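# Per-entry structural report
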Amino acid sequence: MSRRKSLHEILDKRRLYPVFQPILDLQQGQVVGFEGLIRGPQESELHLPEVLFPLAGQLDLRLRLEVLSLQAQVETFVARGMPGKLFLNLSLYALMTGALADQAVKKLLGKQGGLRERVVLEISENPVQADHVSIVENLAALRDKGFRYALNDVGESAGCLRLWLDTRPDYIKLGRPLVSQIDADVTRHQFVRSIKQMAEKSNARLIAVGIELPQQLVTLKSMGVCYGQGNLIGVPAAEPANDFKLDMRPEWSQMFYAANASAGRGKTGHQRGQRAHVLLTEAPTVTPQTSSEAALQILLANPELNVLPVIDQSRPVGLLNRTMVDKFSHGYIRDLHSRKSCTVFMDDQPLVVDINMPVVALSQLVLLQGRKRFGDGFILVSDGKYVGVGSNFSLMQEITRQQIQEARYANPLTLLPGNVPISEQMQALLDSGQRFQAAYVDLDNFKPFNDVFGYRRGDDLIKLTANILVEFTQPEIDFVGHVGGDDFFILLQSDDWALICRNILASYDRAVSDYVREQGLDPLGYVAEDRRGNRMEYSWPTLSIGVVPVHPGQFHEIHEISAVAAEVKKAAKQISGSSLYIDQRSGEGRGPTRDAGELASGAA
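Values in this document were obtained by computation on a predicted structure and should not be read as measured data. (Residues numbered from 1 in each chain as written. Predicted model: local features only at pLDDT ≥ 70, side-chain atom pairs only at ≥ 80, totals over all residues. Heavy atoms only, no water.)

Within the protein chain, the regular secondary structure consists of 22 helices and 21 strands. Across the 604 residues in the protein chain, those meeting the buried criterion constitute 49%. Restricting to contacts in the protein chain with at least 6 residues of sequence separation, those with at least 24 account for 67%. Roughly 29200 Å² of accessible area belongs to the protein chain as shown, and the carbon and sulfur atoms make up 49% of that amount. (Helix = DSSP H or I, 4+ residues; strand = E, 2+ residues; numbered from the N terminus. Buried < 20%, exposed > 50% of the residue type's maximum accessible area, 1.4 Å probe, protein only. Contact = heavy atoms within 4.5 Å. Areas by Shrake-Rupley, 256 points an atom, 1.4 Å probe, with all protein chains shown as cover.)

Written as structure tokens, this is what we have:
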């Protein structure tokens, strides 16, 4: 039977079989829904969707196939009483040509109470004869009808990004190319983090698709990604399990449940510590053409050498360790393999990381390798090219050093880094010639508030401020420190640092307003005596932020930055309400003026 006839028979007899793949809440470890997928008859060459749907498109049967697929998935989902949300794939072509206007589909989605609110339509970009405005209007109409929708494969095409900006979807699905190697590729890691930031600011939830390896799962969870989907979590099945069972080695499972989102409130920029390059050690290398005997002689001549990287055209392909010496102690092994390539004995899946990976992230990956590989350490690369090796002993030493330093200099009230780490971080940025923003943050009218309402409430206000600063900054690139009292210092490297500052002010004002309302206090302020015994009217504490943009070569010493930041903060405090003052001088001026800075109110 020809493919054309097979497809017509499948559609006429509705021989479409839905399968469902679970979607996991990575932070809670619970299944929150299922993506519905469709299959043709098991014995047919049209069984797989990558064959079935393209053929339907060629024969102008795409709309009919998608309508029947929607019906089959919804009917099965309801009949089995499946929990959570149902994610249904819908192409732009089907959306624009009336798939949801089909009476059978409308009836299915309408007769079950609350089902429409549980359905999420996954919109996939494909060739469609419609202008962008019409597509946006159709997606807006979906939301008006009570549907939620997701954009598929964001980050892989400019069209999807444009739809994201213009339609504000409820969910964003990251495709496999972005999830692949996210545990080892610093570029993918940063790209996904940027998409996550955009999703949070547009009130969308991120779903990482194609999770195949435990390393990917743990990395995504530690990054704070909301949801995950992939064969590691659960394969598409006709009757999938509702409970999540992590099918991996015990140490992988332990790491998953122990991983904390790096965007959590307790995380600070200081916890980034150093990058992996501080652990770099030079070591001899061999190539795939090196004989086993020659590699053995290198290990024997260097008893302090634990590993021997195998490099092919500047890129690591494997790792030899000292177990090779033990194996060659057996005479027959040496006779059989001494002239063969050393690749016979190498580990072809060593831990390979970029020299710019944060040491904390690297430590998680090392733990995921398990005990057997602990002695092998890791290979360090730059742009994928070999630069050296690192030992796990040195890694643990660095982690311990960071933890001791953080505990020694942390502010006891907020646990944020204090003066010493603030200075060290600022000096490191200055020495590296990086551009950053030094932001001095201070509470206004804090002393009378503390005197009137007591130090306990004063401490609560300071901790509230610290939490807000941590919440809105990016832990991978920004640094939050607590100078002492009600003074804080932030070193910002995020591109949207000005927006971050404004969001901090707005969030602070909302939090204080909520507190005043909940306590039944006067929103306009309170009356208290000043230092001379005079009764004064005070407004509730506000927040001032003075920002100094630091350009390479502009400052030579950190005390120069601190002095200007103090002046700029003072200028911010002269503005009524929670305010932001951004100094925009080149560095030659002596003091901030209204013309030299940018003024902004947190309430605006």
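Read on for the rest.
Quick look at the pattern of salt bridges now. In the structure shown here, the tally under the stated rule is 18 salt bridges. For Arg62, the salt bridge identified is with Glu66, shortest N-O distance 2.8 Å. Of the two residues, Arg62 and Glu66 both sit in helix α3 (residues 62–79), 4 residues apart, roughly one turn of that helix. A relative accessible area of 22% places Arg62 in the partly exposed class. Residue classification places Glu66 among the buried residues on the basis of a relative accessible area of 4%. One salt bridge connects Asp170 with Arg143, and the closest N-O pair in it is separated by 3.2 Å. Pair noted here: Asp170 is in the loop between α8 (158–167) and β6 (171–174) and Arg143 is in helix α7 (residues 132–144), with a separation of 27 residues, a long-range link. (Salt bridge = Lys/Arg side-chain N within 4 Å of Asp/Glu carboxyl O.)

Relative orientation of the contacting elements helix α18 (residues 419–431) and helix α22 (residues 558–573) amounts to 110 degrees, with a least axis distance of 10 Å. Regarding the angle of α18 to α22, the classification is roughly perpendicular. Of the two possible hands of crossing, α18 and α22 adopt the one that is right-handed. Residue-level contacts link Ser423, Met426, Gln427 and Leu430 of α18 to Ile558, Ile561 and Ser562 of α22. By residue class, the composition of the contact of α18 with α22 is 4 nonpolar, 3 polar and no charged. (Axes fitted to C-alpha atoms, helices over the stretch in contact; angles between N-to-C directions. Parallel < 35°, antiparallel > 145°, perpendicular 65-115°, else oblique. Left-handed = near helix turned anticlockwise from the far one by under 90°. Nonpolar A, V, L, I, M, F, W, Y, C, P; charged D, E, K, R; others polar.)

Here we take up the sheet that holds strand β7 (residues 205–209). Spatially, the 8 strands close up into a barrel ordered β1-β2-β3-β4-β5-β6-β7-β8, and their pairing is mixed. Across the sheet, the mean angle from the axis of one strand to that of its neighbour is 30 degrees, orientation sign disregarded. Pairing between strand β5 (residues 148–154) and β6: 3 bridges, direction parallel. Among the inter-strand pairings, Leu151 is bridged to a residue of β6, identified as Ile172. (Pairing = 2+ DSSP bridges.)

Turning our attention to the environment of Pro475. Positionally, Pro475 belongs in the loop between α20 (455–472) and β15 (479–484). When its relative accessible area of 9% is taken as the criterion, Pro475 is described as buried. Distance in space between the C-alpha atoms of Pro475 and Ser494 is 9.9 Å, their sequence separation being 19 residues.

Turning our attention to the packing of aromatic side chains. Considering all chains together, one arrives at 11 aromatic pairs under this definition. Considering the side-chain rings of Tyr440 and Phe489, the 5.5 Å spacing of their centres and the 55 degrees angle between planes classify their relative orientation as tilted. Placement of the pair is Tyr440 in strand β14 (residues 436–444) and Phe489 in strand β16 (residues 487–492), with a sequence separation of 49 residues. Linked through ring pairs, Phe449, Phe453, Tyr526, Tyr538 and Trp540 together constitute an aromatic cluster. Positioned over the ring face of Tyr440 is Lys569, at 4.3 Å from the centre of the ring. (Phe/Tyr/Trp six-rings, centres within 6.5 Å; stacked < 30°, edge-to-face > 60°. Lys NZ or Arg CZ within 6 Å of the ring centre and 35° of its normal.)

Along its 18 residues, α3 runs 26 Å from first to last C-alpha, staying within 8% of the 26 Å computed at 1.5 Å per residue. Among the residues of α3, those classed as buried are Leu65, Glu66, Val67, Leu68, Ser69, Leu70, Gln71, Ala72, Gln73, Val74, Thr76 and Phe77. With its phi angle positive at about 60 degrees, Gly81 sits one or two positions after the end of α3. (Expected span 1.5 Å × (residues − 1).)

Here we have 3 strands laid out as an open sheet, ordered β11-β12-β13, and mixed in their pairing. Pairing within the sheet leaves two strands with one partner each, and these edge strands are β11 (352–354) and β13 (385–390). With direction set aside, neighbouring strand axes in the sheet form an average angle of 35 degrees. Across 3 bridges, the pairing between β11 and strand β12 (residues 378–382) is parallel. Note on β12: the bridge partner recorded for Asp354 is Val381.

For the rest of this paragraph, the subject is unusual backbone geometry. Not every positive phi belongs to a glycine, and Arg14 is a case in point at roughly 55 degrees. Here Arg14 shows up in the loop between α1 (3–12) and β1 (17–25). Overall, Arg14 belongs to the partly exposed group, its relative accessible area being 38%. With phi around 60 degrees, Asn445 is a residue other than glycine that occupies positive phi space. Its place among the elements puts Asn445 in the loop between β14 and α19 (446–453).

Turning our eyes to something else, we now look at the side chain of Asp170. Engagement of the side chain of Asp170 in a polar contact is seen with the side chain of Arg143, the distance being 3.2 Å. Not counting chain neighbours up to four residues away, the residues in contact with Asp170 comprise Arg143, Arg148, Tyr149, Asn203, Ala204 and Arg205. (Polar contact = N/O pair within 3.5 Å; in protein donor to acceptor, adjacent residues only side chain to side chain.)

Attention now moves to α22. Its 16 residues place the ends of α22 23 Å apart at the C-alpha level, agreeing with the 22 Å of an ideal helix rising 1.5 Å per residue. Taken together, the buried residues of α22 touch α18, β14, β16, β19 (542–550) and β20 (579–583).

Moving on, we get to the packing of α19 against α20. It is the contact of α19 with α20, at a shortest axis distance of 6 Å, that shows an interaxial angle of 140 degrees. Judged on the interaxial angle alone, α20 and α19 are oblique. Residue-level inspection shows Phe446, Phe449, Asn450 and Phe453 of α19 in contact with α20, the latter providing Tyr455, Arg457, Gly458, Leu461 and Ile462. Here the residues of the contact of α19 with α20 sort into 6 nonpolar, 2 polar and 1 charged.

We now examine the pairing of β19. Burial of β19 is extensive: 9 of the 9 residues sit out of reach of the surface. Every second residue of β19 is oriented toward a common face, with Thr542, Ser544, Gly546, Val548 and Val550 on one face and Leu543, Ile545, Val547 and Pro549 on the other, all of them buried. By the bridge criterion, 9 bridges tie β14 to β19 in an arrangement that is antiparallel. Paired with Phe436 across the strands is Val550, a residue of β19. Two elements, β19 and β20, share 4 bridges in a ladder whose sense is parallel. Residue pairing across strands places Val547 opposite Ile582, the latter belonging to β20.

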